Amino acid sequence: MAIKTYLLTCGGTGCVASHGTELYEALKKEITEQGAQSDAQVVRTGCFGFCEKGPIVKVLPDETFYVSVKPADAKEIVAEHVVKGRPVARLLYDKSQSHLNTKLEDVSFYQKQFRIVLRNCGVIDPEKIDEYIARDGYAALAKVLTEMTPDQVVDEIRKSGLRGRGGAGFPTWMKWKFSKDAPSAEKYVVCNADEGDPGAYMDRSTIEGDPHSILEAMAIAGRTIGAGKGVIYIRAEYPLAIEHLETAIKQAREYGLLGKDILGTGFDFDVELRLGAGAFVCGEETALLASTMGKRGMPIPRPPFPAVSGLWQKPTVINNVETYANVPVIILRGGDWFAKIGTPKSAGTKVFALTGKINNSGLIEVPMGITLREIIYDIGGGIRGGKKFKAVQTGGPSGGVITADYLDTPIDYEHLQALGSIMGSGGMIVMDEDDCMVDVARFYQEFCVDESCGKCAPCRIGTRTLLNLLEKIAAGQGTRGDLDKIREVGTAMQKAALCGLGQTAPNPVLSTMKYFEAEYAAHIDDKRCPAGKCKNLVTYEIDPAKCIGCTLCARKCPANTIAGERQKPHRIIQENCIKCGECLKACKFGAVSRR
Amino acid sequence: MAKLTLADLKKLREAKHAEMNPRDAAHKDVQIIVGMGTCGIAAEAKKTFDVLVDELDKAGLGNVAIRQTGCMGLCHSEPTVEVVVPGMPPVVYGKVDPDTARKIVNQHVVRKLLVNDHVYDKPAADIVRK
């Protein structure tokens, strides 16, 4: 007899710690004792997230999800669920615990993620147009070409509440309407695929996994505003994404879904690629357009906005990859459907690249309004190594930190802004107690110094001034006056810089200063780095009373700066110490300490 | 391929839709889908892919389609492989090294038993019509 039921028990660290292994054994034993070996298999799995509610048992194929299961529950699960086919109600995950305000029948079970942008990623073969078409691909374009007027398209996008996913959250329908209404025989549709935040790879993955969704959305935008040409500006360091886009464009042309007379409707639209050299500022739309036109990538003051005067001074719709990827679904399922997902002011979903000190790093798509707690603990599986959560950085070099006090804040454009961070393109870097906030601010400031185009003084001089001050503080030479200076320069940059890069470059330092004032104070007043990151403020020492002279630390030390004879206490020669902390990690006797 | 008309597009969609859905009566075949985005490739998904092809050959399984796809979102457990066998729930495997790839063929596809310690959760329900 074939196996009918599969009992999946989580074998992740969190669940194992809460008696997951005993549960696994108990389930196996019960299956045998109740004579169900040929009906059911017990399987140990990787981490499911939800570690706080572990151990987890998931039953396939009916997708039942049990939480906080104890080994003693095994008997009932097997007797009721496996043998009689009735779920054990008291162990089911209670959906009312979720803070989501999304009430869609589609979200039928426990999962926190909702994939619109990533609907095809990890499902279709991105190099096969047929598979995209099989999943309703190009059906939205067909609908727009045959059943909708440009005004109706704009109206549908307006109803959906879709806002720019590149970071600032400008309503997409307004951009499209301005371009549509701008009188010009020549217009353009541009896709901003110049993703540059450290740790962010949402757009790369979307293009790699589903390139046709971008082409289809751009053609829809072209039809709506009256443009015949589209340009995708993508960084050259995304070779696989470029390859998949090139394949997709070729296939779409062969099928007549790009080019002349698309689907026999008389509509002409074609797309070409422009490869950027990877300058962060080219993610700013006016700099991106300048670079597309072969000029140096520098921003220009707005207005005029690209919607009126963009590429080659013609009306241009410019949207980010993720924004476009939403469009075909909005057209097919309707703006009202989309507007029901997320929060009233921030509709839909957001893709985040969840990285840093988190167990399940990865690409996630969640409805707007989800809390940070749900992202980190239910999806991300908590902090790596059981350490303490300290903060999460969103919005990259333009954003700020969100601390443990705000874990239950709903994630949407307004709430993040109120906290002094931004949605940004969707990088989300999780930090634990070992991360130093001064060091984090310094890292982002260094990035901004490198990436500032140098056109305007507030950014060119401001980023360098802030970096100098942060380096001074990290070196233990800072004063209280430096903090005032940072605030003064930062505020001036926010007001006076020409483009988004300079205006937001002070955010990481201002935000960490706001939420971690004590940590800055420790660096300045006590000349101490609580996280032990700032090398000038840290000393490693070996306690002679505890050291047994095993030589392990001396062998691990990359600077060869630990001296001592075998079986006698060792010591660190401080002049050559590079403060890497390898000795601390290596010592099995707790003899190495950090001060 | 000639340019499509609206009717062609619809026809193609329906034909391919049936082909991609293994639960459809006409197609009883097994599908193995390997995540080959940058994250997968960086974790040696290409090696996994080759081992899968090899092992299927050795086992003489001609009814298995092996496909590639983009990032499924489980970047912490790359390479990822989804296995769809008729009559079994679709399963996502993570951290599929060559050894696990061999087990997937010989245990999951042949003996219809899941492979321990590598099953992961599909991140979300599918919003595209079934």
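Residues numbered from 1 in each chain as written. Chains lettered and ligands numbered in written order. Predicted model: local features only at pLDDT ≥ 70, side-chain atom pairs only at ≥ 80, totals over all residues.

J.: Looking at this model, I keep getting lost on the overall build of chain B. Mind explaining?
T.: For chain B, the helix and strand inventory stands at 4 helices and 5 strands. Projected onto its principal axes, the C-alpha positions of chain B cover 45 × 30 × 30 Å. Sorting the 130 residues of chain B into buried and exposed places 43% on the buried side. (Helix = DSSP H or I, 4+ residues; strand = E, 2+ residues; numbered from the N terminus. Buried ≥ 20, exposed ≤ 12 C-beta atoms within 10 Å, placed from the backbone.)

J.: Just to check I follow, could you spell out helix α3 (residues 45–59) of chain B for this structure?
T.: Since the α-helix turns once every 3.6 residues, residues separated by three or four places project in the same direction. Residues and elements named next belong to chain B. Across its 15 residues, α3 extends 21 Å between first and last C-alpha, which sits within 8% of the 21 Å expected from 1.5 Å per residue. Buried within α3 we find Ala 45, Thr 48, Phe 49, Leu 52 and Leu 56. The arc enclosing the buried residues of α3, seen along the axis, measures out at 100°, which places them on a common side. α3 presents Asp 57 and Lys 58 as exposed residues on the side facing more than 90 degrees away from its buried surface. Where α3 is buried, its residues contact β1 (30–35), α2 (38–42), β2 (64–69), β3 (81–84) and α4 (98–109). Within two residues after α3, Gly 60 carries a phi angle of roughly 65°, on the positive side. (Expected span 1.5 Å × (residues − 1). Arc of directions from axis to C-beta. Contact = placed C-beta atoms within 7 Å.)

J.: How should I be thinking about the nonpolar core in this particular structure?
T.: One finds Leu27(A), Ile214(A), Met218(A), Ile220(A) and Tyr93(B) to be the most contacted residues of the largest nonpolar core, which totals 205 residues. Top element by residues in this core is helix α9 (residues 211–225) of chain A. It accounts for 8 residues. Ranked by size, the runner-up nonpolar core spans 11 residues in total, among them Ile572(A), Cys583(A), Ala591(A) and Val592(A). (Core = buried A, V, L, I, M, F, W, Y, C linked by C-beta atoms within 7 Å.)

J.: What exactly am I supposed to notice about the interface of chain B and chain A here?
T.: When the parts of a complex come together, some accessible area is lost, and that lost area is often used as the size of the interface. Taken together, the contacts link 43 residues of chain B with 57 residues of chain A. Breaking the side of chain B that touches chain A down by element, the ones donating at least two residues are α1 (6–20), β2 and β5 (119–120) of chain B. Ranked by the residues each element gives to the side of chain B that touches chain A, the list is headed by α1(B), at 7 residues. Within the side of chain B that touches chain A, the residues separate by chemical class into 20 nonpolar, 15 polar and 8 charged. (Nonpolar A, V, L, I, M, F, W, Y, C, P; charged D, E, K, R; others polar.)

J.: How should I be thinking about helix α6 (residues 150–160) of chain A in this particular structure?
T.: All names here are of chain A. Residues of α6 that are buried include every one of Val 153, Val 154, Glu 156, Ile 157 and Ser 160, and no others. Looking down the long axis of α6, one finds its buried residues gathered within 160° of arc, a one-sided arrangement. Buried residues belonging to α6 abut α5 (139–147), α7 (172–181), α9, α12 (321–333) and α13 (335–339). Downstream of α6 by one or two residues, Gly 161 has phi in the positive range, about 75°.

J.: Explanation requested: the environment of Gly424(A) in the structure shown.
T.: Inspection of the secondary structure puts Gly424(A) in the loop between α15 (413–418) and β14 (427–432). Through-space distance from the C-alpha of Gly424(A) to that of Gly166(A) is 6.2 Å; in sequence the pair is 258 residues apart.

J.: I would appreciate a short explanation of the sheet that holds strand β12 (residues 389–394) of chain A in the present structure.
T.: Strand pairs in the sheet, formed through backbone hydrogen bonds, run parallel or antiparallel to each other. Residue and element names in this part refer to chain A. Taken in spatial order, the 5 strands line up as β11-β10-β14-β12-β13 in an open sheet, and their pairing is mixed. Strand pairing shows two members of the sheet lacking a second neighbour, β11 (362–367) and β13 (400–403), which therefore form its edges. Put simply, the sheet's adjacent strands are angled 30° from each other on average, direction ignored. Across 4 bridges, the pairing between β12 and β13 is antiparallel. Across the sheet, residue Ala 391 finds its bridge partner in β13, namely Thr 403. (Pairing = 2+ DSSP bridges. Axes fitted to C-alpha atoms, helices over the stretch in contact; angles between N-to-C directions.)

J.: Honestly, the pairing of strand β10 (residues 349–356) of chain A in this entry has me stumped. Any pointers?
T.: The side chains of a regular strand alternate, residue by residue, between the two faces of the sheet. All names here are of chain A. Burial runs high along β10: 7 of the 8 residues are buried. Note: β10 against β11, 6 bridges, orientation antiparallel. Among the inter-strand pairings, Ala 353 is bridged to a residue of β11, identified as Leu 363. Hairpin connection from β10 to β11: 5 residues lie between these consecutive antiparallel strands.

J.: Would you mind showing me how to read the domain arrangement of chain A here?
T.: All names here are of chain A. Split into domains, chain A comes out as domain 1 (5–97), domain 2 (129–337), domain 3 (349–432), domain 4 (437–525) and domain 5 (539–594). Computed over C-alpha atoms, the centres of domain 3 and domain 4 are 22 Å apart. The interface of domain 3 with domain 4 comprises 11 residues on the first partner and 14 residues on the second. Counting residues per element, the side of domain 3 that touches domain 4 draws most heavily on β13, at 3 residues. Considered class by class, the residues forming the side of domain 3 that touches domain 4 number 4 nonpolar, 7 polar and no charged. (Domains from an automatic or database assignment.)

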